[in-house]
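Topology and contacts: notes
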Amino acid sequence: MTTQILPSAIGMYLPDFVHGVERAGAQRRHQHQIDTLRSKTLASAAEVLAAIGHDRLSLKHIADHAKVGIASIYYYFASKDELLTSLAIQGFEDLRRDMIHFGQVPDFTSPMSAATNAFLMFAEEQPELLSLMFSERLMARSVDLRQAEQATLEAYCAAVEADERFPRQHRRNAARAVWVLGRGIANMAASYPDRRIPREIFADLLAGASFLIQPLQPAETVDRP
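Residues numbered from 1 in each chain as written. Predicted model: local features only at pLDDT ≥ 70, side-chain atom pairs only at ≥ 80, totals over all residues. Heavy atoms only, no water.

1. What to know about the packing of helix 6 (residues 80–102) against helix 7 (residues 111–125)
- One way to put it is that helix 6 packs onto helix 7 with a least axis distance of 8 Å and a crossing angle of 140°. Judged by the angle between their axes, helix 6 and helix 7 are oblique. Where helix 6 crosses over helix 7, the handedness of that crossing is right-handed. Of helix 7, the residues touching helix 6 (which contributes G91, D94, L95, D98, M99 and F102) are A114, A115, N117, A118, F119, M121 and F122.
- Residue composition of the contact of helix 6 with helix 7, by class: 9 nonpolar, 2 polar and 2 charged. (Axes fitted to C-alpha atoms, helices over the stretch in contact; angles between N-to-C directions. Helix = DSSP H or I, 4+ residues; strand = E, 2+ residues; numbered from the N terminus. Parallel < 35°, antiparallel > 145°, perpendicular 65-115°, else oblique. Left-handed = near helix turned anticlockwise from the far one by under 90°. Contact = heavy atoms within 4.5 Å. Nonpolar A, V, L, I, M, F, W, Y, C, P; charged D, E, K, R; others polar.)

Next comes the structure, spelled out in structure tokens:
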């Protein structure tokens, strides 16, 4: 395990996280082109969301940050909820691309490890957005948002299904089980004022996740009576 210190608890528990993220992070390409008012509004909304959270976020905050009129925002988004839903869908698209990209980085020890690291990095870097993406209220109201989550889940399942360490018949089930853990992290984060899980609790979650995604080696197999 690397001894390099990250400004993150993740590096403490996932051995291949440091080098993989350094390379993947340098190559990440999900900066959206700000070539339309709609994309400019979404980019500003993402920045305001990260700064003050979605509970305090308003269309006026976004309009002021984007330096556009509120009427211009209403041309593309009928309401604050519609804008937040579009932002959440964009978040899932970004996360899905990260998972696919991390899977192409050779520093990760397995496809599942790469995809899991992509999720954990996203969770630590953008807790407010992750909480918004898994909002039960928005999910219940938007088919498009549910489909965006499903597309991201399918990308994660594909990574796990390509992981030869697991018995083939258990790969998809394992992927769905770990995804539920990711949903739990998002829901737990939402219960804190700044949408950030306390570092010591997050470290425990990472230690548990690291254990769960590493299949038992023969020496670690529990003897059966």
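So that's the structure; there's more coming.
2. Digging into the packing of helix 6 against helix 10 (residues 143–161)
- Axis separation between helix 6 and helix 10 bottoms out at 9 Å; the angle between their running directions is 10°. With respect to their mutual orientation, helix 6 and helix 10 come out roughly parallel. Taking contact as the criterion, the partners of T85, A88, I89, F92, L95, R96 and M99 in helix 6 are, on helix 10, D144, L145, A148, E149, A151, T152, A155 and Y156.
- Its residues assigned to classes, the contact of helix 6 with helix 10 comprises 10 nonpolar, 2 polar and 3 charged.

3. Considerations on the confidence of the model for the protein chain
- Averaged over the protein chain, the pLDDT score is 78; the fraction of residues at 70 or greater is 76%.
- Within the model, pLDDT remains below 50 along residues 1–34, and this stretch shows 72 contacts once partners closer than five positions in the same chain are excluded.
- Segment residues 216–225 is flagged for pLDDT under 50; beyond a separation of four residues in sequence, or across chains, it makes 3 contacts in the model. (pLDDT = per-residue confidence, 0-100.)

4. Focus on the side chain of D163
- Residue position: D163 is located in the loop between helix 10 and helix 11 (171–190).
- What D163 contacts, discounting residues up to four positions off in sequence, is S110, P111, M112 and R171.

5. As for helix 4 (residues 59–66)
- The complete set of buried residues in helix 4 reads L59, I62, A63 and A66. The buried residues of helix 4 occupy an angular sector of 100° when the element is viewed end-on, so they sit on one face.
- Lining the buried residues of helix 4 we find helix 3 (37–52), helix 5 (70–76) and helix 6.
- After helix 4 finishes, the residue K67 shows a positive phi value of roughly 60°. (Buried < 20%, exposed > 50% of the residue type's maximum accessible area, 1.4 Å probe, protein only. Arc of directions from axis to C-beta.)

6. Structural notes on unusual backbone geometry
- Even without glycine at this site, K67 takes up a positive phi of about 60°.
- Within the secondary structure, K67 is located in the loop between helix 4 and helix 5.
- Given the relative accessible area of 73%, K67 is considered exposed.

7. A short note on the nonpolar core
- Counting 50 residues, the largest nonpolar core has M133, F134, Y156 and W179 as its most contacted members.
- Going through the elements one at a time, helix 3, helix 4, helix 6, helix 7, helix 8 (127–133), helix 9 (136–141), helix 10 and helix 11 are the ones with two or more residues in this core.
- Tallying contributions element by element places helix 6 first for this core, with 9 residues.
- Counting residues in each nonpolar core, the second largest holds 6 residues, with L120, I197, F202 and L206 among its members. (Core = buried A, V, L, I, M, F, W, Y, C linked by side-chain atoms within 4.5 Å.)

8. Concerning the packing of aromatic side chains
- A full pass over the atoms with the stated rule returns 6 aromatic pairs.
- Considering the side-chain rings of F92 and F134, the 5.3 Å spacing of their centres and the 85° angle between planes classify their relative orientation as edge-to-face. Here F134 lies in the loop between helix 8 and helix 9 and F92 lies in helix 6, a separation of 42 residues in the sequence. You'll find F92 and F134 in the same group, each marked buried.
- Between F102 and F108 the ring centres are 5.5 Å apart and the planes differ by 20°, which places this aromatic pair in the stacked class. (Phe/Tyr/Trp six-rings, centres within 6.5 Å; stacked < 30°, edge-to-face > 60°.)

9. What to know about helix 7
- Between the first and last C-alpha of helix 7 there are 21 Å, a value that for 15 residues agrees with the 21 Å anticipated at 1.5 Å per step.
- Across the 15 residues that make up helix 7, a large majority, 13, are buried. (Expected span 1.5 Å × (residues − 1).)

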